[in-house]
Amino acid sequence: WTALAGDVLGILPKPGAAQNSEAGSAMDKVMPLVIRWRKEARERRDFAMSDAIRKELEAAGIILEDSSAGTTWRLK
């Protein structure tokens, strides 16, 4: 039953799932700061820093998406 529920149906948490939710919570707290720092760099016209932030995040698997409503992020 455990194999069916966990492996096949995916309804049981995998080992380390609590750590993943903690990591997700940390990301939700940190990313607004990083987005603000990038916005401040752009406002200072420090486009080299703004671009570096975007590239480093992308290398880490995080995509920034700019729109008229602001900047959002998602995992690659």
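Definitions and limits used
Residues numbered from 1 in each chain as written. Predicted model: local features only at pLDDT ≥ 70, side-chain atom pairs only at ≥ 80, totals over all residues. Heavy atoms only, no water. Helix = DSSP H or I, 4+ residues; strand = E, 2+ residues; numbered from the N terminus. Buried < 20%, exposed > 50% of the residue type's maximum accessible area, 1.4 Å probe, protein only. Contact = heavy atoms within 4.5 Å. Areas by Shrake-Rupley, 256 points an atom, 1.4 Å probe, with all protein chains shown as cover. pLDDT = per-residue confidence, 0-100.

A. Summary view of the overall build of the protein chain. Each helix and strand in the protein chain was counted, giving 3 helices and 2 strands. Ordered by position from N to C terminus, the α and β elements of the protein chain give α-α-α-β-β. With 76 residues in all, the protein chain has 18% of them scored as buried. Pairs at least 24 apart in sequence give 33% of the contacts found in the protein chain among residues at least 6 apart. Here the protein chain displays about 5,900 Å² of accessible surface, and carbon together with sulfur accounts for 58% of that area.

B. Quick peek at the confidence of the model for the protein chain. Chain-level pLDDT for the protein chain is 80 on average; 74% of the residues reach the 70-or-more range. The weakest mean pLDDT in the protein chain belongs to helix α1 (residues 2-8) at 46; the strongest belongs to strand β1 (residues 62-67) at 94. In this model, residues 1-6 is a region of pLDDT below 50 whose contacts with residues beyond four sequence positions or in other chains number 9 contacts.

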